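The chain contents come next:
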Amino acid sequence: MSDAPRFAPGATVRVKDDWPERRGPCHIRTPHYIRGRTGTVVRPLGAFANPEDLAFARPAPKRTLYHVLFEQEPIWHEGRPGDTVMVEVFEHWLEPHPAAPGAAGIPEEA
Amino acid sequence: MAAPPRPESLALLDRLMAALEAKGVVTEAEIAERQANTDKASPETGARMVARAWTDPAYRALLLSDGKAAAEQMGVSMAGAPPLGVLENTPARHHLVVCTLCSCYPRAVLGYPPGWYKSFAYRSRAVREPRVVLAEWGLNLPDSVEVRVVDSTADYRWMVLPMRPAGTEGWDEARLASIITRDALVGVAVPKVAGPRPAA
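Within each chain, residues carry numbers counting from 1 in the order of the written sequence. In the order they appear in the text, chains get letters beginning with A and ligands get numbers beginning with 1. Residue-level local features of this predicted model are given only where pLDDT is at least 70; pairs of side-chain atoms are given and counted only at 80 or more, and the full residue set underlies all totals for whole chains, interfaces and linings. With hydrogens and water excluded, all non-hydrogen atoms of the structure serve as input to the side-chain values.

Visitor: Now, about the overall build of chain B: what can you tell me, with residues and values included?
Guide: What chain B contains, in helices and strands, is eleven helices and four strands. Oriented by its inertia axes, the alpha-carbon framework of chain B measures out at about 65 × 35 × 30 Å. Counting the 200 residues in chain B, one finds 43% classified as buried. By sequence separation, contacts in chain B at least 24 residues apart represent 65% of the contacts at least 6 residues apart. Per-residue accessibility takes into account occlusion by the displayed protein chains alone, with areas from the Shrake-Rupley method and a 1.4 Å probe. Roughly 10,400 Å² of accessible area belongs to chain B as shown, and the carbon and sulfur atoms make up 58% of that amount. Charge counting treats Lys and Arg as positive and Asp and Glu as negative, with His and both chain ends excluded. Here the site of a charge means NZ on Lys, CZ on Arg, CG on Asp, or CD on Glu. For chain B, the distance from the average position of its 23 positive side-chain charges to the average position of its 22 negative side-chain charges is 4 Å. Helical segments are the DSSP runs of H or I of at least four residues, strand segments are the runs of E of at least two, and each set is numbered from the N terminus. Each residue is assigned to one of three classes by its accessible area relative to the maximum for its type, calculated with a 1.4 Å probe on protein chains only: buried under 20%, partly exposed between the two thresholds, exposed over 50%. By definition in these notes, contact holds between two residues if any of their heavy atoms fall within 4.5 Å.

Visitor: Give me the lowdown on unusual backbone geometry, citing residues and values where you can.
Guide: All names here are of chain A. Even without glycine at this site, Ala57 takes up a positive phi of about 60°. On the accessibility criterion, Ala57 (74% relative accessible area) is exposed. Phi is positive for His77, close to 60°, though the residue is something other than glycine. Within the secondary structure, His77 sits in the loop between α2 (72–76) and β4 (84–90). Taking relative accessible area as the criterion, His77 reaches 68% and is therefore assigned exposed.

Visitor: Run through the nonpolar core, naming residues and quoting values.
Guide: Residues belong to one nonpolar core when they are buried, are Ala, Val, Leu, Ile, Met, Phe, Trp, Tyr or Cys, and are joined through side-chain atoms within 4.5 Å. B:Met49, B:Tyr122 and B:Met159 are the most contacted members of the largest nonpolar core, which has 74 residues in total. Not counting residues within four places of it along the chain, the set of residues in contact with B:Tyr122 comprises B:Leu96, B:Val97, B:Val98, B:Trp116, B:Tyr117, B:Val133, B:Val186 and B:Val188.

Visitor: Before we move on, could you go through the confidence of the model for chain A and cite the residues and values that matter?
Guide: Across the chain, each position has a pLDDT score giving the predictor's confidence in that residue, from 0 to 100. Averaged over chain A, the pLDDT score is 90; the fraction of residues at 70 or greater is 86%. Predicted confidence for residues 100–110 of chain A stays below pLDDT 50, and this span has 16 contacts to residues more than four positions away or in other chains.

Visitor: Give a description of a nonpolar patch on the surface that names residues and reports values.
Guide: A patch is a set of surface residues, each over 30% in relative accessible area and not in a salt bridge, joined within 9 Å for like charges and within 5 Å for the nonpolar side chains Val, Leu, Ile, Met, Phe, Trp and Tyr. Salt-bridge detection follows one rule: a side-chain nitrogen of Lys or Arg within 4 Å of a carboxyl oxygen of Asp or Glu. A cluster of nonpolar side chains, B:Leu10, B:Leu13 and B:Leu16, forms an exposed patch at the surface whose accessible area comes to about 270 Å². Structurally, B:Leu10 is set in helix α1 (residues 7–22).

Visitor: Explain the interface of chain A and chain B to me, using residue names and the numbers behind them.
Guide: Between chain A and chain B, the contact holds 24 residues from the first and 25 residues from the second. Two parts placed together each lose some accessible area under a 1.4 Å probe, and the buried area is that loss summed for both. Carbon and sulfur atoms supply 47% of the area buried between chain A and chain B, which totals about 2,200 Å² over both sides. Run the count over chain A and chain B and you get three salt bridges. A salt bridge links A:Glu78 to B:Arg128, with the shortest nitrogen-to-oxygen separation between them at 3.2 Å. Counting of polar contacts relies on pairs of N or O atoms within 3.5 Å, with two restrictions inside protein: one atom must be capable of donating a hydrogen and the other of accepting it, and residues adjacent in sequence are counted only when both atoms are side-chain atoms. At the junction of chain A and chain B, the tally comes to 19 residue pairs in polar contact (both at pLDDT 80 or more). When contributions to the side of chain A that touches chain B are tallied by element, the ones reaching two or more residues are β2 (38–49), β3 (62–71), α2 and β4 of chain A. With six residues, the single largest contributor to the side of chain A that touches chain B is β4(A). Here the term charged refers only to Asp, Glu, Lys and Arg, the term nonpolar to Ala, Val, Leu, Ile, Met, Phe, Trp, Tyr, Cys and Pro, and the term polar to all other amino acids, Gly among them. Its residues placed into classes, the side of chain A that touches chain B shows twelve nonpolar, four polar and eight charged.

What follows is the structure, given as structure tokens:
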């Protein structure tokens, strides 16, 4: 992995819609409720050993961890517009979001 | 209360400890030191940090940029502890911390997590209906305030920096710390001034 974070604060990202749980034993720190969801990078938090390897005592290369912000309402189809949830997500779970209509992220201070 | 440990469990623990020592992973002394630090930690530590941040702008800046360094400045041993992030409440934004995956909690500055923090009910509901949960705690936030749930999913631990309430003008740090509760540092409550407030 490269050392420089791939995503800058403010970048719109999509969490991979991936379910490794269905393929076999694993340890995942990405909650179900944000998989496939679009959010906004708040900031990189540093690089940490990949817990998916650590949990099985495999060599665990460091991966960049981000604080990513999501709007609550699209996730749960309830709640008050403007309320948010901020989650720590590792870089290998994030992909750039194609500039699609209606895909605007939430503005966030740097 | 939990049942006393069974003899075979203790024997297994002894063998595990011996293996860890033999492999150079950790010594018994290191475990004892960590245990002592954990036992010593309590929400009073976090309260002292917040009280100082309320009165000392330079410390507030440090607390928000590097919680671990800010804790160490207050004499807390952070060796081996995960990084500490601090979330600043403002008139426009209220933070609520939860760990939906397990029970990650800033033990170094808040001590052991309370039972409710580890409950399935809190972990599943705080992230989905935070305003309902907050209302049950007696905290009704106006619609103008953004509720930001912080799901502690990975390597950081998170503490809330609440807003200093009105009516505390001129208070010293110790008096300020006395109104900063564990619940306010998790975000299910806000600090309140007890008793009759001075006339506005």
